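A closer look at the structure
One letter stands for each residue in the lines below.
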Amino acid sequence: TPVQCTTTDGPLIGDCIYDSMIVTTPGSPAPPVVCGYNTGQHMYVESSQECNRVSFNFELAKNVDRSWKIKVTQYDSTQDQRFLAPPGCLQWNYGSLGTINNFNYKDDSSYHLSSQRYSICWRRERGKCSLCISIGVFGMSNVPSTVKPSPSSTSTTPWTKLAGFTDSICCSADTPSANCATSGANDFIEFQGAKEPPAGSVFKVGDGNRFCGRWLGIASPPTPAPSYSYKATNAAKTICTQVTPYRMRVHFSDGEVLSSTSANVCGESTSTAKTNDISDECSKFRLYGNRRGTVGFQFVWWQADC
């Protein structure tokens, strides 16, 4: 949704203000409301005897191009269960290689939608023992100015170059000690059992489960994604998991935190980008990544051999 960024527009960024698509699932949790660019996206929803509906809401006073083409497939209990999404999985992927991205992702100038809570899942393929992901684009939440090296640490270190992830920073309303409303670190993905590859190594310590910030990680990837070129403006790390079922939880809050200084809102200049990303989710990152905290994610994923 196009939003004119001012100091008070944070709660509106990512909202489907004018147009929206709603899928109803009576008796089951409903998918998030979506809008914008969603070519190539899919949803698995539980069918209902009370009728599933796909509703479109348009603000016809807005003169914009609109188009849609939706394929609907119904499965019954007699069909191959390998192609059915497990309970709680809005999106279900199978195969050995692919890409995923959040709703309304078109390119790195896009804004992720607000109030999104859903799971993306993968079927484990024969002969494969881990799922790995690497970023094409990653930017969500603010970047704190300092962070504790570990939850038990009594000191903090500058966050200038790290810019990435930690369970203690990426927070939501269900975290009692979090101050997500002002920290802006309330948009994240959750990837259970994440660690550097090889995922099966007993010497690799898990990186955590929640990831946010402007970079997925801080180290050079020891296992590059297939057919993907790493550079400072995109990927920093590959993470893998052996925890099945393979599942990635997406958590986007109901708005964004913007700077209280008008000149710094959605800052792109060198002076604002170097410092303003600690208080403005829309500003670009100060050193690496060059991504706004409002863009969302695009991942390359693949399943690794046993």
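Described below are features of the structure shown in this document. (Residues numbered from 1 in each chain as written. Predicted model: local features only at pLDDT ≥ 70, side-chain atom pairs only at ≥ 80, totals over all residues. Heavy atoms only, no water.)

Looking now at the overall build of the chain. Scanning the chain from terminus to terminus reveals 2 helices and 13 strands. Here the chain holds 306 residues, and the buried ones make up 45% of them. Taking the contacts inside the chain whose residues are at least 6 apart along the sequence as the reference set, 71% of them involve residues at least 24 apart. Put simply, the chain shows about 15,700 Å² of open surface, and 51% of that area lies on carbon and sulfur atoms. (Helix = DSSP H or I, 4+ residues; strand = E, 2+ residues; numbered from the N terminus. Buried < 20%, exposed > 50% of the residue type's maximum accessible area, 1.4 Å probe, protein only. Contact = heavy atoms within 4.5 Å. Areas by Shrake-Rupley, 256 points an atom, 1.4 Å probe, with all protein chains shown as cover.)

The next subject is the environment of C212. The residue C212 is located in the loop between β10 (206–211) and β11 (238–241) in this model. With 72 residues separating them in the primary sequence, C212 and M140 have C-alpha atoms 5.7 Å apart.

We now examine the pattern of salt bridges. The full count for this structure, using the stated rule, is 5 salt bridges. Its salt-bridge partner being D19, residue R66 comes within 2.5 Å of it at the nearest N-O pair. On the criterion of sequence distance, the pair formed by R66 in the loop between β2 (54–57) and β3 (91–93) and D19 in the segment before β1 (20–23) is long-range, its members being 47 residues apart. Look at D19 and you get buried, because its relative accessible area is 18%. Of the charged contacts in the structure, one is a salt bridge between K128 and D305, with a shortest N-O distance of 2.6 Å. With K128 in strand β6 (residues 128–139) and D305 in strand β13 (residues 296–305), this residue pair connects regions lying 177 residues apart in the sequence. We classify K128 as buried; its relative accessible area is 17%. The exposed category is assigned to D305, whose relative accessible area is 55%. (Salt bridge = Lys/Arg side-chain N within 4 Å of Asp/Glu carboxyl O.)

Right, let's get into the side chain of N102. Positionally, N102 belongs in the loop between β4 (97–101) and β5 (116–122). Apart from the residues lying within four places of it in its own chain, the contact partners of N102 are Q41, H112, Y118, F252, V295, G296 and F297.

Counting across every chain of the model gives 4 disulfides. The disulfide bridge from C129 ends at C306, spanning 2.0 Å between sulfur atoms. Of note, the bridge from C129 to C306 carries an S-S torsion of about 85° and is right-handed in sense. Of this pair, C129 sits in strand β6 while C306 sits in the segment after β13, placing them 177 residues apart in sequence. Residue C306 is classed as exposed on the basis of its relative accessible area of 63%. (Disulfide = S-S within 2.5 Å.)

Turning our eyes to something else, we now look at the nonpolar core. Ranked by size, the top nonpolar core spans 31 residues in total, and within it M248, F297 and F299 carry the most contacts. Mapped by element, the contributors of at least two residues to this core are β1, β5, β6, β9 (188–195), β12 (246–252) and β13. Apart from the residues lying within four places of it in its own chain, the contact partners of F299 are G98, T99, I100, I133, S134, I135, G136, F138, I189 and M248. Core analysis: the next-biggest nonpolar cluster, separate from the first, contains 5 residues, L258, V265, C266 and C282 among them. (Core = buried A, V, L, I, M, F, W, Y, C linked by side-chain atoms within 4.5 Å.)

On the surface, a nonpolar cluster with roughly 640 Å² of combined accessible area is contributed by V54, F58, L60, W68, I70 and V72. Examined against the element boundaries, F58 turns out to sit in the loop between β2 and β3. (Patch = residues over 30% accessible without salt bridge, like charges linked within 9 Å, V, L, I, M, F, W, Y side chains within 5 Å.)

Time to look at the packing of aromatic side chains. Scanning the entire structure with this criterion turns up 8 aromatic pairs. For the pair W122 and W301, a centre-to-centre distance of 6.0 Å together with 70° between the ring planes defines the contact as edge-to-face. Separated by 179 residues along the polypeptide, W122 in strand β5 and W301 in strand β13 bring together distant segments of the chain. With relative accessibility at 1%, the residue W122 sits in the buried group. In this structure W301 comes out as buried when scored by relative accessible area, which is 3%. Within the aromatic cluster, the residues linked to one another by ring pairs are F138, F252, F297 and F299. (Phe/Tyr/Trp six-rings, centres within 6.5 Å; stacked < 30°, edge-to-face > 60°.)

None of this, on its own, says anything about what the molecule does.
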